Amino acid sequence: MDNTVNPPPAATSVGSRRSSRPAPPARSSDLARASASAQPDDPARPGGRLRSPVPRPLLLGTLLTSVVAAALGVLELLLPGRGPIADVLAETLLGTLVGPAPTAVVLTLAALLGVATSLTAHAGALPRSALTGIGTVLGVVGGVAMGGMSTLATAGYLLAVSMPLIVALLVVQVIRRYPRARLAVSAATVLGLGAGALLLGPAIGELVGYLAPALIADFAPIGLTLLLVGLGATWLAAATAALRGTGAAARGTAWATRHRIPLTVLAACGPAPYALLRLTWLTPWPLLGGEHAMDLAVRLQGLLLSTGGWLGIILTLGLILPWGEVFPRWMPVLAGRPVPVAAAAVPGGAVAALLTFAAVPLLVGVASQGAVTVLVFALVFPCWFWGPALGLAVWGYVGHRRSLEGGTDDGSLPDDGSLPDGAACDGAAPDVAGAARA
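Because the structure is a prediction, the values reported are computed rather than measured.

Caption draft 1: View of the overall build of the chain. Summing up its helical and strand segments, the chain has 18 helices and zero strands in all. Relative to all contacts within the chain whose residues are 6 or more apart in sequence, the contacts with residues 24 or more apart total 75%. In the form shown here, the chain has an accessible surface area of approximately 23200 Å², with 71% of it arising from carbon and sulfur atoms.

Here it is in structure tokens:
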């Protein structure tokens, strides 16, 4: 019988001992190359199926918005001018240039392309580069070409209407969670409500009587506007997600994480001009209000819009403050728990997309009124820097939270863009990181 003995698994030479030393931690570029080799544009899975880098919920969002947009576009083509669709399309950037009918054709074709792309990507049959390119095109079409001046106005008035409810919830939670301040806050609330009803009762009634019917009458246009924003936002998010694991995404995340504090402060300055301007409506010298700003109900409306701007500043600063990572003690149920990254990234990214989409249509819409008006709108509504700055701030927040989960000491990425040992960057899978270190 042949009793052949297998050779030992490891040699005892010096070279073998050197080769057995642990490898240094993988850098972001190493992970990017490993991820690119593990997920190339060619089929990498059995049966020729790609593993889509875009999360399935996001693909579902692109599919739903594309299906609804395609249905509305077809409806407008079959029944032109018989609903609010034509009015909304006529106010978009593309609609002001070519009219509602050609805009409906573009919307329908873009939405149908979105449906086909979503289904193909969900089936794992679409290369990363194609998904990135198509997602970018559909994002620009849905967000910029289908955007208009009404986009920003819709978001602003919806926030203004919700401000009384937000303030009421905050007061209730402060009373519940801070016993020492309970008496003072309760007394101030009762006095404030009493004084408001006594001094501002007629004006408040007039404002409610104006806003409520207007919101009900504009329910369909508001929904269509939000749909177009959602179409562009979801496709841009899908295009961005398709870049995860690449070297460019790793370098961008490292840069945004290092500069997240100045980026967040810059983004927080975005709503400040408008919020300050609206506060002047409470004085005898209202700015950019004209004769209408002298009416008390209109001044209250300006105050609501101003409080929305201040809320935006506070929430933006939360991207770099401790309560942006751990829920504060006055939050019901969630107090003391870590804030999910998506809870800040999803709404922050959506607002950044909305602002960025509104920048070009806003300035183009007032271009006919002269250079001075364009300059005033660019300063009062600085969406041209507010939206991109907020997007970069959210990007830095996500990178910071991921670096904390990776176990770094200071919660930030190193200056050279390298990753902490055991951390995967920009969605790179843990097995890819392990392969890069091996």
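Caption draft 2: Structural context of the layout of surface pockets. The volume enclosed by the second largest pocket comes to roughly 770 Å³. Lining the second largest pocket are 24 residues, with Pro164, Leu193, Ile204, Leu303 and Leu304 positioned closest to its centre. Those elements that provide at least two residues to the lining of the second largest pocket are helix H8 (149-177), helix H9 (179-217) and helix H14 (296-317). With 13 residues, the single largest contributor to the lining of the second largest pocket is H9. Classifying every residue of the lining of the second largest pocket by side-chain character gives 20 nonpolar, four polar and no charged.

Caption draft 3: Molecular detail of the packing of aromatic side chains. Applying the stated criterion to the full structure yields three aromatic pairs. For the ring pair phenylalanine 377 and phenylalanine 381, a centre distance of 5.5 Å and an interplane angle of 35 degrees mean the geometry is tilted. Exposure remark for phenylalanine 381: the relative accessible area of 23% places this residue in the partly exposed category. Residues tryptophan 384 and phenylalanine 385 carry aromatic rings whose centres are separated by 5.2 Å and whose planes lie at 65 degrees to one another, so their mutual orientation is edge-to-face. Residue placement shows arginine 278 over the ring face of tryptophan 281; its charged tip is 4.2 Å from the ring centre.

Caption draft 4: Broad picture of helix H12 (residues 260-268). Of all the positions in H12, only Arg260, Leu263, Thr264, Ala267 and Ala268 are classed as buried. One side of H12 holds all its buried residues, which, seen down the axis, span an arc of 135 degrees. Buried positions along H12 lie against helix H11 (247-258), helix H13 (272-279), H14 and helix H17 (383-405).

Caption draft 5: Quick peek at the side chain of threonine 225. Structurally, the position occupied by threonine 225 is in helix H10 (residues 219-241). Engagement of the side chain of threonine 225 in a polar contact is seen with the backbone oxygen of proline 221, the distance being 2.9 Å. Ignoring sequence-local partners within four residues, the contact set of threonine 225 consists of Val88, Ser150, Thr151 and Thr154.

Caption draft 6: Representation of helix H7 (residues 128-145) within the structure. Between its first and last C-alpha atoms H7 spans 25 Å; for 18 residues at 1.5 Å apiece the expected length is 26 Å, and the two agree. Every buried residue belonging to H7 is among Arg128, Leu131, Thr132, Gly135, Leu138, Gly139, Gly142, Gly143 and Ala145, and all of these are buried.

Caption draft 7: Structural view of the packing of H7 against H10. At a minimum axis distance of 7 Å, the contact between H7 and H10 shows a crossing angle of 160 degrees. By the angle between their axes, H7 is roughly antiparallel relative to H10. Remark: the crossing between H7 and H10 carries left-handed chirality. Between H7, through Leu131, Thr132, Gly135, Thr136, Leu138, Gly139, Gly142 and Gly143, and H10, the contact on the second element is made entirely by Leu228, Leu231, Gly232, Trp235, Leu236 and Ala239. Of the residues that constitute the contact of H7 with H10, the class distribution is seven nonpolar, seven polar and no charged.

Caption draft 8: Structural detail: the packing of helix H15 (residues 341-365) against H17. At a minimum axis separation of 7 Å, H15 and H17 run at an interaxial angle of 160 degrees. With respect to H17, the element H15 is oriented roughly antiparallel. Of the two elements, H15 crosses H17, and the hand of that crossing is left-handed. On H17, the residues touching Val341, Ala344, Ala345, Gly348, Gly349, Val351, Ala352, Leu355, Thr356 and Ala359 of H15 are Cys383, Trp384, Trp386, Gly387, Pro388, Leu390, Gly391, Val394, Tyr397, Val398, Arg401 and Glu405. Residues of the contact of H15 with H17, tallied by class, amount to 15 nonpolar, five polar and two charged.

Caption draft 9: Looking closely at a nonpolar patch on the surface. Together, Val74, Leu75, Leu78 and Leu79 make up a nonpolar patch on the protein surface, roughly 340 Å² of accessible area in all. Assignment of secondary structure puts leucine 78 in helix H3 (residues 56-78). Of the residues examined, leucine 78 reaches a relative accessible area of 64% and is grouped as exposed.

Caption draft 10: Seen up close, the side chain of threonine 132. Considering the arrangement of structural elements, one finds threonine 132 in helix H7. When near neighbours in sequence (up to four residues on either side) are disregarded, threonine 132 contacts Ala239, Ala242 and Leu243.

Caption draft 11: Highlighting the confidence of the model for the chain. Of all residues in the chain, 79% have pLDDT values of 70 or greater, and the mean over the chain is 78. Confidence scores differ between elements of the chain, with helix H18 (residues 430-437) showing the lowest mean pLDDT of 32 and H12 the highest of 95. Across residues 407-438, where pLDDT falls below 50, the model places 61 contacts with residues more than four positions away in sequence or in other chains.

Caption draft 12: A look at the environment of tryptophan 323. Along the chain, the position of tryptophan 323 falls in the loop between H14 and H15. According to the relative accessible area criterion, tryptophan 323 is partly exposed, its value standing at 35%. Separated by 15 residues in the primary sequence, tryptophan 323 and proline 338 have C-alpha atoms spaced 9.0 Å apart. When sequence neighbours within four positions are dropped, the list of residues in contact with tryptophan 323 reads Ile314, Leu315, Gly318, Pro328 and Val339.

Calculation rules
- Residues numbered from 1 in each chain as written.
- Predicted model: local features only at pLDDT ≥ 70, side-chain atom pairs only at ≥ 80, totals over all residues.
- Heavy atoms only, no water.
- Helix = DSSP H or I, 4+ residues; strand = E, 2+ residues; numbered from the N terminus.
- Contact = heavy atoms within 4.5 Å.
- Areas by Shrake-Rupley, 256 points an atom, 1.4 Å probe, with all protein chains shown as cover.
- 1 Å grid on protein atoms, 1.4 Å probe; cavity = no way out; pocket = protein on both sides within 12 Å on 5 of 7 lines; lining within 4 Å.
- Points joined across faces, edges and corners; volume = space filled by probe spheres on them.
- Nonpolar A, V, L, I, M, F, W, Y, C, P; charged D, E, K, R; others polar.
- Phe/Tyr/Trp six-rings, centres within 6.5 Å; stacked < 30°, edge-to-face > 60°.
- Buried < 20%, exposed > 50% of the residue type's maximum accessible area, 1.4 Å probe, protein only.
- Lys NZ or Arg CZ within 6 Å of the ring centre and 35° of its normal.
- Arc of directions from axis to C-beta.
- Polar contact = N/O pair within 3.5 Å; in protein donor to acceptor, adjacent residues only side chain to side chain.
- Expected span 1.5 Å × (residues − 1).
- Axes fitted to C-alpha atoms, helices over the stretch in contact; angles between N-to-C directions.
- Parallel < 35°, antiparallel > 145°, perpendicular 65-115°, else oblique.
- Left-handed = near helix turned anticlockwise from the far one by under 90°.
- Patch = residues over 30% accessible without salt bridge, like charges linked within 9 Å, V, L, I, M, F, W, Y side chains within 5 Å.
- Salt bridge = Lys/Arg side-chain N within 4 Å of Asp/Glu carboxyl O.
- pLDDT = per-residue confidence, 0-100.

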